[in-house]
Amino acid sequence: MAGLTLIQDYSSGSDEDPEILNDEDKAFLNTETLKPKLPLPESILTWKGVTHHEEIVDDPLEHDGRIRSFKHERGNWATLVYIDYIPSEEMQLWMKEVLDQITQTGNIFQEFHVSLTRTLVLKFHWIDSFIEAVKSLTASYQSFVLELGNMEIYSNEEKTRTFIGIKIQSANDSLQRLTGALDKLLDEYQLPSFYEDASYHISFLWFLGDQRKTLEALLPTFTSSFTDFLDDHPEQRSMQVKKLKCKIGNKLYSLKLA
């Protein structure tokens, strides 16, 4: 009967049908002699960074109206492999000038990057092997240069947000080869590959909803403004990529290229 007590203490109460218990077990579980629940070890609680059995409720009001692309589930970690981009002060001022020209309410990103994977759902027990595999992969690739190109309008797959971004390209198809290698790794974990017709870019403004039609009408103005900016700041046309970043949940990994 002690074993039954431990099972009840650690269960969530949602996976077991109480009708499968016999009358003796039901009587025992309803007695006042039921022992207090044993606390989970602290090491387990810190895996997810939330209280055990706490229900995660996605409240868009806490995220400027943004909606989670996939349901939060315990044991699943949102994962992204990307290249960091740190804009200069001049670039940040130009981004603000672009936002000021738009009547729709928009937001400037706090962090900027070039995605090399989709946002993935990684199982907790895959994390260590996945990071080691990505480290091994990046160690075999040389550092390369990215060139900033034209402006483009994007939206997420759910059409709940729209973005203004700067297209990126690399010499010798470095980006394509790198994402191709990552795709092979993702296939081993049965995770989705990158977009077939990938448009590598740095998103810097975002808007709620599908605003593509309105923003695309302004695209020539944005492109002309960006061309003028690069003419005045030619040193900001390119960036050297020496490492990749991988974010898994609340953990960030830096992965050096050869």
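Since the model is a prediction, treat every value here as computed from it, not as a measurement.

Looking at this structure, I do not really get the overall build of the protein chain. What am I missing?
If you tally the helices and strands in the protein chain, you get 8 helices and 10 strands. Here the protein chain, with 258 residues, has 33% of them falling under the buried criterion. Here the contacts in the protein chain between residues at least 6 apart in sequence split such that 77% fall between residues at least 24 apart. Entry remark: accessible area of the protein chain is about 16100 Å², with carbon and sulfur atoms responsible for 50%.

In this structure, what is going on with the packing of aromatic side chains? I would like to understand it.
Each aromatic ring pair is summarised here by two numbers: the centre-to-centre distance and the angle between the ring planes. For the structure shown, the criterion picks out 10 aromatic pairs. A connected cluster of aromatic rings, assembled from ring pairs, spans Trp94, Phe204, Phe226 and Phe229. Over the face of the ring belonging to Trp206 we find Arg161, whose NZ or CZ atom lies 4.8 Å from the ring centre.

Hey, could you run me through the sheet that holds strand E8 (residues 238-241) in this one?
Whether parallel or antiparallel, the strands of a sheet pair through hydrogen bonds between backbone atoms. Strands sit in the order E2-E7-E6-E5-E8 across an open sheet of 5 strands; the sheet is antiparallel. Of all strands in the sheet, those with a lone pairing partner are strand E2 (107-108) and E8, marking the two edges. With 8 bridges connecting them, strand E5 (residues 144-155) and strand E6 (residues 161-170) associate as antiparallel partners. Residue pairing in the sheet places Met151 in a bridge with Ile166 of E6. The strands touched by helix H8 (residues 219-232) are E5 and E6; relative to E5, the strand with the most contacts, the crossing angle is about 160°.

Could you clarify how one ought to interpret the nonpolar core in this entry?
One recurring pattern in soluble globular proteins is that nonpolar side chains are buried together. Judged by nonpolar contacts, the single largest core of 60 residues is most densely connected at Ile83, Trp94, Ile164 and Phe204. Leaving out residues up to four positions away in the same chain, Ile83 has contacts with Phe112, His113, Val114, Leu116, Phe144, Leu146, Leu175, Met239, Val241 and Leu244.

Help me out: how do you make sense of the UniProt feature "active site" (unreviewed entry) in the protein chain in this one?
Under the UniProt annotation, "active site" (unreviewed entry) lies at His113 and His201. A maximum C-alpha distance of 8.0 Å places the annotated residues, which cover 89 residues in sequence, within one compact spot. Its place among the elements puts His113 in strand E3 (residues 112-115). The class of His113 is partly exposed, set by a relative accessible area of 27%. Apart from residues no more than four positions distant in its own chain, His113 is found in contact with Leu80, Tyr82, Ile83, Tyr85, His201, Ile202 and Ser203. Only 3.2 Å separates the side chain of His113 from the side chain of Ser115, close enough to count as a polar contact. Along the polypeptide, His201 turns up in strand E7 (residues 201-208).

Could you clarify how one ought to interpret the packing of helix H4 (residues 89-100) against H8 in this entry?
For any two helices packed against each other, one specifies the inter-axial angle together with the distance between the axes. Interhelical geometry of H4 versus H8 gives an angle of 160° and a closest axis separation of 11 Å. Accordingly, the angle class assigned to the pair H4 and H8 is roughly antiparallel. Relative to H8, the crossing made by H4 is right-handed. The segment H4 lies against H8, with Glu90, Met91, Trp94 and Val98 engaging Phe222, Ser225, Phe226 and Phe229. Looking at the contact of H4 with H8, its residues break down into 6 nonpolar, 1 polar and 1 charged.

Please clarify how the side chain of Thr179 should be interpreted in this entry.
Here Thr179 shows up in helix H6 (residues 174-188). Of the polar contacts made by the side chain of Thr179, one reaches the side chain of Tyr200; its length is 2.8 Å. Among all residues touching Thr179, those that are not within four sequence positions of it are Leu116, Phe194 and Tyr200.

What's the story with the environment of Gln101 in this structure? I'm lost.
Looking at the secondary structure, you find Gln101 in the loop between H4 and E2. Of the residues examined, Gln101 reaches a relative accessible area of 42% and is grouped as partly exposed. A sequence separation of 121 residues divides Gln101 from Phe222, and the C-alpha atoms of the two residues are 9.3 Å apart.

For this particular structure, what's the right way to read the pairing of E6?
In summary, the side chains of a regular strand alternate between the two faces of the sheet. Counting buried positions along E6 gives 8 out of 10 residues, so the element sits mostly inside the fold. The loop that links E5 with its antiparallel partner E6 comprises 5 residues; one of these, Lys159, has a positive phi angle of about 60°. As judged from the 7 bridges shared by E6 and E7, these two strands associate in the antiparallel manner. Each bridged residue has a counterpart across the sheet, and for Lys167 the counterpart in E7 is His201.

Calculation rules
Residues numbered from 1 in each chain as written. Predicted model: local features only at pLDDT ≥ 70, side-chain atom pairs only at ≥ 80, totals over all residues. Heavy atoms only, no water. Helix = DSSP H or I, 4+ residues; strand = E, 2+ residues; numbered from the N terminus. Buried < 20%, exposed > 50% of the residue type's maximum accessible area, 1.4 Å probe, protein only. Contact = heavy atoms within 4.5 Å. Areas by Shrake-Rupley, 256 points an atom, 1.4 Å probe, with all protein chains shown as cover. Phe/Tyr/Trp six-rings, centres within 6.5 Å; stacked < 30°, edge-to-face > 60°. Lys NZ or Arg CZ within 6 Å of the ring centre and 35° of its normal. Pairing = 2+ DSSP bridges. Axes fitted to C-alpha atoms, helices over the stretch in contact; angles between N-to-C directions. Core = buried A, V, L, I, M, F, W, Y, C linked by side-chain atoms within 4.5 Å. UniProt positions renumbered as here; feature names shortened; annotations may be inferred. Polar contact = N/O pair within 3.5 Å; in protein donor to acceptor, adjacent residues only side chain to side chain. Parallel < 35°, antiparallel > 145°, perpendicular 65-115°, else oblique. Left-handed = near helix turned anticlockwise from the far one by under 90°. Nonpolar A, V, L, I, M, F, W, Y, C, P; charged D, E, K, R; others polar.

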